[in-house]
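The chain contents come next:
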Amino acid sequence: MYYIRLNRTKDGLPELLSSCDYVCSILPATNETRGLLNGELLKNCMRKKGVLISVGRGSVISDHDLLNALHSGWIAGAILDVFNTEPLPADSELWKLPNVVISPHVATMSMDWQVSELFSKNYQRFTTGQSLLYPVDLNKGY
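**With respect to the sheet that holds strand β3 (residues 77–80)**
Reading across the sheet, the four strands line up as β1-β2-β3-β4 and stay open at both edges, with parallel pairing between neighbours. Pairing within the sheet leaves two strands with one partner each, and these edge strands are β1 (22–25) and β4 (100–102). The average undirected angle you get between the axes of adjacent strands in this sheet is 10°. As paired elements, β3 and β4 share three bridges and run parallel to each other. Paired with A78 across the two strands is V100, which belongs to β4. Relative to β3, helix α2 (residues 63–71) is tilted by about 145°, and along the sheet it contacts β2 (51–54), β3 and β4.

Okay, here's the thing in structure tokens:
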């Protein structure tokens, strides 16, 4: 299995998308990421007909723009775990498309023991004045 690790700024997204077989959005919902894939940005996937995998936050692309990219053939399909409106409305066209796979917002699952183990570790850290593991920074949005 081969992969290429590339880092690009927002300005470099068109070039990056033009070379992707798969685009996996794992982005958080921040002011910088809201609508990042909106408009005609996914048109850059047209050459390779990539597949969009969206498992971060649904606000990265609007349903309208995602449908447009699918209907226009810019992307071959989509694997979606997150949406702008959750749960995805029953009348959404996304449910009906054969090239779209929808999962119920479970891109990753936490097992009971993982949650209790992390809680226990963070409780010990909290009571001893240490910084917590995996803090949420509300200023960053994640």
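**Quick look at the side chain of S25**
Within the secondary structure, S25 is located in strand β1. Residue classification places S25 among the buried positions, given a relative accessible area of 5%. Those residues in contact with S25 that sit more than four places away from it in its chain are L37, I53, S54, V55, G56 and V60.

**Focus on a nonpolar patch on the surface**
A surface patch of nonpolar side chains, amounting to about 440 Å² of accessible area, comprises V106, M109, M111 and W113. Looking at V106, the relative accessible area reads 39%, which means it is partly exposed.

**Side note on α2**
One turn of an α-helix holds 3.6 residues; hence residues three or four places apart share an orientation. Buried within α2 are the following residues: D65, L66, L67, A69 and L70. Against the buried residues of α2 lie β2, β3 and β4. In the stretch just after α2, G73 is the one whose phi turns positive, near 80°.

**Digging into the pairing of β3**
Pairing analysis gives four bridges linking β2 to β3, with the strands arranged parallel. Looking across to β3, one finds that I53 is bridged to I79. Crossover connection from β2 via α2 to parallel β3: handedness right-handed.

Conventions adopted
Positions within a chain are numbered from 1, following the residues in the order the chain's sequence is written. Where local features are concerned, this predicted model is filtered to residues with pLDDT of at least 70; where side-chain atom pairs are given and counted, the filter is 80 or more; whole-chain, interface and lining totals use all residues. Hydrogens and waters are ignored; side-chain quantities use all the structure's heavy atoms. Any two strands are treated as partners once DSSP identifies two or more bridges connecting them. Where helices and strands are cited, they refer to DSSP runs of H or I of at least four residues and of E of at least two residues respectively, numbered from the N terminus. All axes are obtained by fitting lines to C-alpha atoms, using only the stretch in contact for helices, and the reported angles, taken between N-to-C directions, cover 0 to 180 degrees. Throughout, a contact is declared for two residues whenever any of their heavy atoms are within 4.5 Å. Residue exposure (1.4 Å probe, protein chains only): buried if accessible area is under 20% of the type maximum, exposed if over 50%, otherwise partly exposed. To count toward a patch, a residue needs a relative accessible area over 30% and no salt bridge; like charges are then connected within 9 Å, while nonpolar side chains (Val, Leu, Ile, Met, Phe, Trp, Tyr) are connected within 5 Å. Note on areas: Shrake-Rupley, 1.4 Å probe, and residue coverage restricted to the protein chains presented here. Salt bridge criterion: a side-chain nitrogen from Lys or Arg within 4 Å of a carboxyl oxygen from Asp or Glu. Convention used here: a crossover is right-handed provided that the path from the first strand, over the helix, to the second strand proceeds clockwise when the strands point away from the viewer.

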